[in-house]
Amino acid sequence: MLSMPITMKFSVDALKEELLDQLEIHGYKYVNIGGKDICWLDEATVVSWIMMAVIIVAAFLLTRNLKVDGKLSKRQLLLELGYTKLEDFFRGILGEKGMKYSPWLMSIAIFIGASNMIGMFGFKPPTKCIQVTGAMAITSIILVEFAGIREKGLGGYIKSFAKPVAIVAPINLLELIIKPLSLCMRLFGNIIGAFIIMELLKIAVPVFLPTVFSLYFDLFDGVLQAYIFVFLTAIYIQEAIEDDEEEEVKKKSRKARRAEKKKVKKANA
């Protein structure tokens with residue numbers, strides 16, 4: 001009976017040490033700024049570079065010798081099928097006007113999916129590093145705000161914070177912080193949560209079951225988290241570029257007036 005609390009304490013301590021080790025990002029290169037050592041090359045960065053190199057090489061090899069007509073290879077048919085499905089998915093969210101941003105969304109989906117699954121090959125997933133998830137969230141929100149300014153103009157973009165009424169402007173401004181924070185913490189939290197569950201399963205059922213759940217968390221859940229991240233980013237872009245009804249009515253009214261002026265000029269001529 002006494003051995004049970006001792007075993008549980010040992011398991012909890014082992015889990016705590018393993019969790020801290022997984023959360024720790026080992027630094028390789030430092031630079032001294034203002035008396036403080038700042039790491040500019042760490043484990044997450046190196047693994048990310050390795051992943052990007054593999055993805056670039058794979059993309060080069062998979063897209064070689066593609067044909068426009070004639071008999072297409074199975075490789076090309078699968079690539080076109082995958083691209084078409086992704087394109088249709090993003091078109092359904094963004095609309096035609098927002099499709100110019102789909103390459104970024106596809107790229108980030110591939111990167112996050114690969115980051116979540118790389119643990120199967122013995123690497124520490126970069127998405128376990130909050131700096132990585134934070135950087136992806138910040139860059140995504142910068143794209144969202146850029147899309148809003150590009151489509152509405154700087155004046156229209158600033159006015160959009162006061163809609164539907166001016167009193168909600170502080171809340172709308174607060175979303176500039178809330179959106180990237182939610183993207184970052186959702187992805188980071190799910191990856192860490194999956195790791196904790198896996199470690200508990202290894203302690204409770206050390207044979208067979210952890211292997212099955214490892215495949216689930218590394219493959220299915222990894223792809224699912226990539227889907228959620230790009231889905232929410234696409235929704236934010238769509239909200240940023242959409243025209244509200246009032247603006248749409250004004251645009252139609254201006255077009256109608258221009259058309260009427262042209263008719264009057266032609267009639268006078």
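Residues numbered from 1 in each chain as written. Predicted model: local features only at pLDDT ≥ 70, side-chain atom pairs only at ≥ 80, totals over all residues. Heavy atoms only, no water.

Turning our attention to the overall build of the protein chain. Each helix and strand in the protein chain was counted, giving eight helices and two strands. Counting across all 269 residues of the protein chain, residues that qualify as buried make up 29%. For the protein chain, long-range pairs separated by at least 24 residues make up 65% of all intrachain contacts whose partners lie at least 6 apart in sequence. Entry remark: accessible area of the protein chain is about 17700 Å², with carbon and sulfur atoms responsible for 68%. (Helix = DSSP H or I, 4+ residues; strand = E, 2+ residues; numbered from the N terminus. Buried < 20%, exposed > 50% of the residue type's maximum accessible area, 1.4 Å probe, protein only. Contact = heavy atoms within 4.5 Å. Areas by Shrake-Rupley, 256 points an atom, 1.4 Å probe, with all protein chains shown as cover.)

Enumeration according to the criterion identifies five aromatic pairs in this entry. Summarising the aromatic geometry, the rings of Y157 and F161 are spaced 5.1 Å apart at their centres and angled 85° between planes, so their arrangement reads as edge-to-face. By the burial criterion, Y157 is buried, and F161 matches it. Joined through ring pairs, the aromatic side chains of F89, F90, Y227 and F231 make up one cluster. (Phe/Tyr/Trp six-rings, centres within 6.5 Å; stacked < 30°, edge-to-face > 60°.)

Counting across every chain of the model gives six salt bridges. In this structure, the salt-bridge partner of K100 is E151, at a minimum N-O distance of 3.3 Å. Here E151 lies in helix α5 (residues 130-160) and K100 lies in the loop between α3 (74-94) and α4 (102-117), a separation of 51 residues in the sequence. Given a relative accessible area of 40%, K100 falls into the partly exposed group. Residue classification places E151 among the partly exposed residues on the basis of a relative accessible area of 24%. Among the salt bridges present, the one from K179 reaches E175, with a minimum N-O distance of 3.7 Å. Note that K179 and E175 are positioned in helix α6 (residues 169-204) at a spacing of four residues, about one turn of the helix. Note on K179: relative accessible area 14%, which makes it buried. (Salt bridge = Lys/Arg side-chain N within 4 Å of Asp/Glu carboxyl O.)

Right, let's talk about unusual backbone geometry for a bit. Phi is positive for N65, which is not a glycine, with a value near 55°. The residue N65 is located in the loop between α2 (43-62) and α3 in this model. Residue classification places N65 among the exposed residues on the basis of a relative accessible area of 65%.

So, about the nonpolar core. Counting 35 residues, the largest nonpolar core has F90, I112, M136, L183, F229 and I237 as its most contacted members. Secondary structure elements with two or more residues in this core: α2, α3, α4, α5, α6 and α7 (209-241). Of all the elements, α7 adds the most residues to this core, at nine residues. With residues near it in sequence (within four places) discarded, F90 still touches G95, M99, S102, L105, M106, V230 and A234. (Core = buried A, V, L, I, M, F, W, Y, C linked by side-chain atoms within 4.5 Å.)

Before going further, it helps to examine the state of the cysteines. In the structure shown here, the tally under the stated rule is zero disulfides. Here C129 stays free of any disulfide, with the sulfur of C184 as its closest cysteine sulfur at 9.4 Å. (Disulfide = S-S within 2.5 Å.)

The next point concerns the side chain of N172. For N172, the position within the fold is in helix α6. Of the polar contacts made by the side chain of N172, one reaches the backbone oxygen of F161; its length is 2.7 Å. Only 3.1 Å separates the side chain of N172 from the backbone oxygen of K163, close enough to count as a polar contact. (Polar contact = N/O pair within 3.5 Å; in protein donor to acceptor, adjacent residues only side chain to side chain.)

For the rest of this paragraph, the subject is the confidence of the model for the protein chain. For any part of a model where pLDDT is low, the fine detail of the predicted coordinates should not be relied upon. Mean pLDDT over the protein chain stands at 80; residues scoring 70 or higher make up 82%. Here helix α1 (residues 3-23) stands out as the least confident element of the protein chain, with mean pLDDT 60; α4 is the most confident, with 91. Ignoring residues within four places in sequence, the model shows residues 1-8, a span with pLDDT below 50, making zero contacts including any to other chains. (pLDDT = per-residue confidence, 0-100.)

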